[in-house]
Number of protein chains: 2
Amino acid sequence: MSAGDGEEVVLGVDSGGSGLRVALAGTGAGRPLATAACAGPVRTGPAGIDAGHLLEQVLPVARELLARQAPGARVVAAAVGAAGMATLGDRLRAEVPAALAGALGVRRVALAADAVTAYAGALGQRPGAVVAGGTGLIALGTDLGTWRRADGWGHLLGDGGSGAWIGRAGLDAAMRAHDGRRGGSGALLARLEAVFGPASGLPGLLYPRTDRPALLASFAPEVAACAAGDGVAAGILRAAAAHIAEAAAAVCPPPRPKGPRLAAGEPHAPAAPHGPREPHKTYEPYEVALTGGLFKMGEPLLAPLREEFARQVPQARVVRADGDPLEGAVETARALAGDRLRLPSHPTLLFLPGTA
Amino acid sequence: MSAGDGEEVVLGVDSGGSGLRVALAGTGAGRPLATAACAGPVRTGPAGIDAGHLLEQVLPVARELLARQAPGARVVAAAVGAAGMATLGDRLRAEVPAALAGALGVRRVALAADAVTAYAGALGQRPGAVVAGGTGLIALGTDLGTWRRADGWGHLLGDGGSGAWIGRAGLDAAMRAHDGRRGGSGALLARLEAVFGPASGLPGLLYPRTDRPALLASFAPEVAACAAGDGVAAGILRAAAAHIAEAAAAVCPPPRPKGPRLAAGEPHAPAAPHGPREPHKTYEPYEVALTGGLFKMGEPLLAPLREEFARQVPQARVVRADGDPLEGAVETARALAGDRLRLPSHPTLLFLPGTA
C-alpha cells in the first residue's frame, strides 16, 4: 500500500525503555503503511525525557517513511506515546508539538503516557481498562469521561504482581531456604543457584547494578517454572494475581446497568414466571485487556488471575489486546485527524496542546 | 582510670555506615579507658571496604588515646568490627593485621562482621542469638560451636521486618489509598503527604536517590505512630514482628535439656506425686538480644514482637543488650588477649589471622 499525492496520513511514535519505533499510516482503518525502529531508546536526564534526542531520531525516520511510502502526502496528525511521559515528560510536552509542526507541518499532536497508547492499542476508543505488565505494572481505565490510574509506582512503592515483584518474592523465598527461615523454598533456592551462583553471593551481584528491577524480573519465569511442584512458588503467583486484579478493580469503570434499567434498591429484576429462562445478567461487562510481557508467563499466572478477576472484578470481561502500543499511537493519531478522539485528554496522561 | 608503664591494654574498633569509633581498654572487665570518634565513615570502593582509609583514621586516634590514657602500655590485642566485613572485607583481612602489628606492635587481631561485635556487645561470650535491626536486619546465633546467620540480605532480597521493610510496606499502603486499591490506609497516605508532599510525586523523589533504603526506613516511625488507630499500619508491624522472629528462630541454637537429662522420647519428666510443685521446665532458655535503632520504635513493634517470640522461639528469653558493638569489639579483644575467646572463628564473620 502507498498513499498518493495530497493524501492524508498520520504518524505514531512509541518510545519505551528498550526502543523507539515510528509508524506511518493512512487515516482510515487497517494496518500502518510502514513501521521502522530507530537506533535506540530515548535518553532520560535530570530534566526528564530528552526531547531533542527523541526528535533527532524520529524526524529523519519519519521523513524517510514518507518519501518511500507516501510521497506528497500530508501528515495531518501525530501521537507520541512514551514511557515516563506522566512524570518525566515536561520537555516532550514543551518541545515536540512545535518541532513536529515545523519539520513535518503536523498541526494536531497528542503526547501520551505509554499506558494510554497501550490502552488505545488494546481497546481502541472503547470504555474499559488495560493492565500493562512487564518489569513494572500499571492499570488504566476510563469510562471516556476521566482516566483512572492504579499502581505503576515502581518496584519499591508498588508494581504489585509485576515481573520485578514476582522475581523479588521468589528470591526472598530462596534466601529463606538458604538460611533456614520459615517460608523458604528449596526449589527456588536451586533455581537461584543455577542462575546466579551461590546464594550468599547474590547481594553482591544485585546491589551494585543500576538495572536492579530488570534483574529481579528476570527471575519471575523461574518462579512460574517451579509453581506446578512447589507450594511457595504457587503462592507467590496467587498473591501476584491478587495484586494485578486489585489494580484492575481500582480502575474499572463502575458497573453500568444493562437492558431495562433497574430502580435503586432493586438489584435483581423479577424473573418471568414462565417461558424459557436466560441466565440473569444485571450489568454490561467491561472489557479489561492484559498487555505486556508479564502475561506471556502462561497458565501458572493466568490460572490464578482468572480466579482473582472473577472474585474482584466480576463486571470485567478479560479480552485479548487488539494491538500493541505503537498501533495505539496510530489509532490515537487517526482519531485526532478524524475529530473523533473519545479518550479523555489529561495534562500528563494524554496531553493535547491547545486544549489544555 | 589510666594504665601505667608496661601494663597491657586492648583496642576495639567499630566501623559502621554512619561513623568510625575507637576504644582503648584495660584487659580486665569494666568500661573502656577512653573512646574516640574518627572523622567519618570508612569509604567502600569497587574492591571493598578501603583498608587504607580505615587505618589512616584509626592509627593516629589510637596513638593519641594511648599517649593520653596509657603511656608506656602495650597493646596486646585488637578487634575491628565493620559493617560489610563478611562480603566486602577482603582488603581489611589482608592489610589490617600487619598494619596494626607494624604501627602498634599488636600481635593478636580479630576482624569481625558488625553483627559479631553486636553479638559480643550484647551477650559477651555466652551462647544465644542477637537480632540487629535498623535500616536493615540480620540475626546471628551461636552455640559456641558454629555461627548461624539469617537474613541481612538487603532491602530487595530480605531484611524482613527492618526499618526499610516497614517503611516500604507503609508507603505501599499509602499509595494504595491514593489510587483506590484494596489494602490502602488513609492514615498512612496522610502521613506520606505530610512528610513527602503529593503522593504522585513520591516516585520522582525516591528513585533518583542513592540512599533509597534509608529513605524508606525514615517512614517506619510514621507507621508506628499510626498503628494505634489504623488496622493496616498495625498489620504491617505484626508482619514485621513475625519476620523478625523468623530470623531469630532460624539462628537460635537448638533447645538444650535442662537439669536431669531426659531420655529421647520422654519429653516430660514425671511429676512428683506429692510435695510442692514447681512450674515444669524442660529446656534452658537461650538469651536473644535485640539491638539497634529499630527496637527504639517502642510498643507498636515490641508488643507484637513479644507475641511472635513466644510463638516461634519459645526457648528464647529476650534480654537487653549488655553493650553496643564498640564494647563488643573491646570484649572480643580482651578475650583474645586472655586466651579465652569462646565465640567461634569464621573466615568472614570472625577472622583470626593465623588460625584460618
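Residue positions are given per chain, counting from 1 as you read along its sequence in written order. Chain letters and ligand numbers both follow the written order, the letters beginning at A and the numbers at 1. At least 70 in pLDDT is required for a residue's local features to be given in this predicted model, at least 80 for side-chain atom pairs to be given and counted, and no such filter applies to totals for whole chains, interfaces and linings, which use all residues. Based on all heavy atoms of the structure, the side-chain values leave hydrogens and waters out of the count.

1. Quick notes on the overall build of chain A
Then, in step 1: A run of H or I in DSSP counts as a helix once it spans at least four residues, and a run of E counts as a strand once it spans at least two, with each numbered from the N terminus. Within chain A, the secondary structure is distributed over 12 helices and 13 strands.
Then, in step 2: Summary of the burial criterion: residues with accessible area below 20% of their type's maximum are buried, those above 50% are exposed, and those between are partly exposed, where the area comes from a 1.4 Å probe applied to protein chains only. The proportion of buried residues among the 356 residues of chain A is 51%.
Then, in step 3: Taken as a whole, chain A presents about 15300 Å² of accessible surface, with 54% of it coming from carbon and sulfur. Using a 1.4 Å probe, accessible areas were evaluated by the Shrake-Rupley method; residue-level cover was limited to the displayed protein chains.

2. Section: the confidence of the model for chain A
When pLDDT drops low, the exact placement of atoms in the prediction is not to be read closely.
Then, in step 1: For every residue, the predictor states its confidence as a pLDDT score lying anywhere from 0 to 100. Looking at chain A, pLDDT values average 89 and 89% of them are 70 or higher.
Then, in step 2: Counting contacts from residues 261-279 of chain A, a segment whose pLDDT is below 50, to residues more than four positions away or on other chains yields six contacts. Here, two residues are considered to be in contact whenever any of their heavy atoms come within 4.5 Å of each other.

3. Let's talk about the packing of aromatic side chains
Then, in step 1: For Phe, Tyr and Trp, where Trp contributes only its six-membered ring, two rings pair if their centres lie within 6.5 Å, and the inter-plane angle classes them as stacked under 30 degrees, edge-to-face over 60, or tilted in between. Scanning the entire structure with this criterion turns up four aromatic pairs over all chains.
Then, in step 2: Consider the rings of Phe196 of chain A and Phe219 of chain A, whose centres lie 6.2 Å apart with planes at 35°: the pair is tilted. Taken together, the residues Phe196 of chain A in helix α6 (residues 186-196) and Phe219 of chain A in the loop between α8 (212-217) and α9 (220-226) connect sequence positions 23 residues apart.
Then, in step 3: When the ring of Tyr119 of chain B is compared with that of Trp147 of chain B, the centres are 5.3 Å apart and the planes differ by 90°; the resulting orientation is edge-to-face. On the criterion of sequence distance, the pair formed by Tyr119 of chain B in helix α4 (residues 114-123) and Trp147 of chain B in strand β10 (residues 147-151) is long-range, its members being 28 residues apart.
Then, in step 4: Here Tyr119 of chain B falls in the buried class, since its relative accessible area comes to 0%.

4. Observations concerning the pattern of salt bridges
Then, in step 1: Here a salt bridge means any side-chain nitrogen of Lys or Arg lying within 4 Å of a carboxyl oxygen belonging to Asp or Glu. All chains considered together, the criterion is met by 46 salt bridges over all chains.
Then, in step 2: In this structure, the salt-bridge partner of Asp14 of chain B is Arg21 of chain B, at a minimum N-O distance of 3.3 Å.
Then, in step 3: Note on Arg21 of chain B: relative accessible area 30%, which makes it partly exposed.
Then, in step 4: Arg191 of chain B serves as the salt-bridge partner of Glu222 of chain B, at 2.7 Å between the closest nitrogen and oxygen. One end of the pair, Glu222 of chain B, is in helix α9 (residues 220-226); the other, Arg191 of chain B, is in helix α6 (residues 186-196), and 31 residues separate them in sequence.
Then, in step 5: Its relative accessible area of 32% is what places Arg191 of chain B among the partly exposed residues.
Then, in step 6: In this structure, a network of salt bridges that share partners links the residues Arg43, Asp50, Arg91 and Glu95 of chain A.

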